[in-house]
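Listed below, chain by chain, are the residues.
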Amino acid sequence: MPTSTHKQNYVDPVGKSVPRIDGRGMVTGQTKYVFDVSFPNMLIGKMIRSPHPHAKIVSIDTSKADALPGVRSIVTAKDTYNIKFGSNEYFFPHTIDQMALEADKVRYVGDEIGAVAAVDEEAADEALRLIDIKYEILPHVVDVEEAMKPDAPMIHESLNNIAVILPVNFGNPERAMKEADYVREDKFYAPAAHQSAMEPHVCVGQWETFTDKVTLWSSSQAPFKCREALAKTLKMDLNDVRVIKLAVGGGFGGKLEMLPMDFAACMLSKKAGGLPVKICYDREEEFLASRRKHGMIYRIKTGVKKDGTIVAMTGEVIADGGAYCSYGPTVLAAAIMRIFMVYKIQHFRMSGYRVYTNTPVSGAMRGFGGVQAGFAIESHMDLLAKALDMDPVEFRLKNITSPNMTTVNKMVLTTNGLKECIEKATTAAEWSKKRGKQKNIKRGIGIGIAADVMGSKMYKSHESAGSIVKVEEDGSVYLFTGAADTGQGSNTALSQIAAHELGVSYSRIKCKSGDTEITPFDTGSFASRVTFISGNATIRAANDAKKQILNVVAEELKMNVDDLDIKAEEVINKTNGSVIMDFDKALELAYSFNYGRQIIGRGSYNPKTTPIDFRTAEGNVSGSYGFEAQIAEVEVDTDTGEVTLLEMWDAHDIGKAINPQSVEGQIEGSLAMGIGYTFLENLHFDKKGRPANGNFANYRLPRSMGIPKMNSILVETNDPEGPFGAKGMGEASLLPTSAAIANAIEDAVGIRMKELPITPDKILKALKDKELDKKSDEKNNS
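About the cut-offs
- Residues numbered from 1 in each chain as written.
- Predicted model: local features only at pLDDT ≥ 70, side-chain atom pairs only at ≥ 80, totals over all residues.
- Heavy atoms only, no water.
- Helix = DSSP H or I, 4+ residues; strand = E, 2+ residues; numbered from the N terminus.
- Rg over C-alpha atoms; globule rule 2.2 N^0.38 Å.
- Buried < 20%, exposed > 50% of the residue type's maximum accessible area, 1.4 Å probe, protein only.
- Contact = heavy atoms within 4.5 Å.
- Areas by Shrake-Rupley, 256 points an atom, 1.4 Å probe, with all protein chains shown as cover.
- Lys, Arg positive; Asp, Glu negative; His and termini not counted.
- Charge placed at Lys NZ, Arg CZ, Asp CG, Glu CD.
- Pairing = 2+ DSSP bridges.
- Axes fitted to C-alpha atoms, helices over the stretch in contact; angles between N-to-C directions.
- Phe/Tyr/Trp six-rings, centres within 6.5 Å; stacked < 30°, edge-to-face > 60°.
- Lys NZ or Arg CZ within 6 Å of the ring centre and 35° of its normal.

1. Examining the overall build of the protein chain
In terms of regular secondary structure, the protein chain is built from 21 helices and 30 strands. The C-alpha radius of gyration of the protein chain comes to 28 Å, within 12% of the 28 Å expected for a compact globule of 782 residues. For the protein chain, the spread of C-alpha atoms along the principal axes amounts to about 100 × 75 × 50 Å. Across the 782 residues that make up the protein chain, the buried fraction comes to 63%. At a minimum sequence separation of 6, the contacts of the protein chain that also span at least 24 residues come to 79%. A total of about 29,700 Å² of accessible surface is found on the protein chain, and carbon and sulfur atoms cover 49% of it. Of the side chains in the protein chain, 93 bear a positive and 101 a negative charge, and the two mean positions are spaced by 2 Å.

This is the structure in structure tokens:
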């Protein structure tokens, strides 16, 4: 594009729904994913997996497979340093419990014992069949409550298979509960689920024999974290490990960690003399051996005053962690502590238990414990309001957090649009007109509210992000960021931020991201952190580049640099608004004979946060917090048990919408995922702990034809710490969906669903039980 066109077509990009920076490549099929990576003589890798849920490894004989034509390398634990890895080493070092390849014992069907690499898939599959592994079978346990019993099989060296006990205590809830006018206790169940990204896990590893360095091409949400785990397990220096993230076909938390396949691809390449090795999971391996959502049992007891004021809350959370810890400890913490962002509670006691079972590993999944907690807490809040004969909206407004307050666990809430979100959502949905007034047509309306972080110190002592903005002689602007765009559009949002701060057209920006050897450090794409944290780093880098250009202009024209700025492709005098020269002329000057200045701006940002002190449960984990309210309207067919979701409204405090279309896309994507978890998804296991529905033929997901009308309401609170006022967002919209729907069902037909997914047979049973209870009451009163 000619430079004059940039100026001619200039539009301030922040706050505009500009085209995705990677959109054209995606729709034309030219975007490269890891599966598309191909090298001469590349080998195909396959994992050697346990067929048993719990067993000791007695011996491994690979001799027949080694002799098979086409097999180039086989690795087992004897080829490794037997170093354990995990994701919560900083806070919970005792939970680092998984080997890259297991040496002594397997703990679930699918546990990784080794890997093979061959010239083609057929040879690799045949090699797997020829490997002879002898086991000593051990007792196993699949059910989480059974696993906690004293006589249950011990999966790790943890008493009653409890990997983590997390007590959270504030005030004196027992004494406060005695002062309550009404006390209620409920139990809820939220099942395991799977991320089900369209792109399965895939990687290519290559060991450079002449440098003893390794490169991994990975579909990763956190390439720098993956590099750290690889370096640890390979016993290498960080600078000898390079991780390159290409386009990612969905992650949703499932691609936040290094998996044994990543390690195996590198080791197989080393043993094969440096030939590259590609490993790609099939769909059943995805369900079996990647990561999944924690199934949770949530018990809550709350005391309230007659006016609706919450005085105390106690409870217990049991999380099914599967065979290894992964992100489990922090998922459990988030499931308990998110409530403090939403409700003012001074007296609180809840204990969390993260429990081992002989099932696939539970890890991070979008919402990070908040989806399960959101279903339980927001359903419970409606039940409290009903008992007090209060409108659920009135009850929530009585108890929600407010701007500029510090919570009981030391979270600092600055901007807080929760009240405005509730008011705007209820107005848009015509709450007062519909609530409790549509039972004759079996329609109902329900609400759920939520809050979320934008980043948290989960695995390192800092949570910084870095950006580099390089301006070329021809006016091209390159943004280098370590942030991982996994489909959410972060490359686009960061490019908008860079263009706005530099004062140039968005069309100049080219974004390069997620290469640990080239781009600055970034902790990854999780916890709705990228716009907020990486966005601030990008502002600083763009500002640095701008200052370098303006220093040249000021030097040339003998002006005060503080009087200069770049706006709308022009260098201006801020004191009077006059135009001094256009951006291209300023660049020409910077790269001229007299100056020859290369324009390379650098920026980093580490939010002013404090990690949770898990001894006290205190800590301001996020630089700011996002809030939201969601309303669902349903119609229930009492003959079939079918629930029709008619319409949804989601009001979200996003600070400032950098790209409104992307914001709405994130909201709608979360709602769709929440709808699936509410009505369809339930990853369940057979007696050996294997996924009983681990494929797309049997694991049900929502389709576009079943999605209702969605209304996104953007509430802009202009956060002082966010980039141009923006907050992170996306995950929060998923947190209250199940509860909003369950609350709407009760409004429609008077039944309370406490177990997900909500299926027609459960609806019919609840209706039948309601009718039996009614007849029993009539009989007792007669």
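That was the structure; now back to the text.
2. Some thoughts on unusual backbone geometry
Residue Pro 757 follows Leu 756 across a cis peptide bond; omega there is -5 degrees. Here Pro 757 shows up in the loop between α20 (737–749) and α21 (760–781). The residue Asn 41 is not glycine, and still its phi comes out positive at about 65 degrees. Note that Asn 41 resides in the loop between α2 (23–28) and β1 (43–49). Of note in this structure, Glu 569 is not a glycine but carries a positive phi near 75 degrees. Its location among the elements puts Glu 569 in the loop between β24 (564–567) and β25 (570–573).

3. Quick notes on the side chain of Asn 491
You can see Asn 491 is positioned in helix α16 (residues 490–502). According to the relative accessible area criterion, Asn 491 is buried, its value standing at 10%. Each residue touching Asn 491, except ones within four places of it in the same chain, is listed here: Ile 21, Thr 481, Asp 485, Cys 511 and Ser 513.

4. As for the sheet that holds strand β20 (residues 443–453)
One open sheet holds the 4 strands; their spatial order is β20-β28-β29-β30, and the pairing between them is mixed. Of all strands in the sheet, those with a lone pairing partner are β20 and β30 (709–715), marking the two edges. Sheet twist, expressed as the average angle between the axes of neighbouring strands with direction ignored, equals 15 degrees. Here strand β29 (residues 643–653) pairs with β30 via 7 bridges, running parallel. Across the sheet, Ala 651 pairs through a bridge with Ile 713, a residue of β30.

5. Concerning the packing of aromatic side chains
All told, the structure shown has 14 aromatic pairs when counted by the stated rule. Ring geometry for Phe 39 and Trp 217: centres 5.1 Å apart, planes at 55 degrees, overall tilted. Here Trp 217 lies in strand β12 (residues 213–218) and Phe 39 lies in the loop between α2 and β1, a separation of 178 residues in the sequence. Exposure remark for Phe 39: the relative accessible area of 28% places this residue in the partly exposed category. Grouping aromatic residues by their ring pairs yields a cluster made of Tyr 90, Phe 91, Phe 92 and Phe 614. Over the ring of Tyr 677 we find Lys 293, and its NZ or CZ is 4.5 Å from the ring centre.

6. So, the pairing of strand β14 (residues 277–280)
Pairing of β1 with β14, which is carried by 2 bridges, proceeds in the parallel orientation. Bridge pairing in β14 links Ile 44 to Lys 278. Pairing analysis gives 4 bridges linking strand β11 (residues 202–208) to β14, with the strands arranged antiparallel. Counterpart to Cys 203 in the pairing with β14 is Ile 279.

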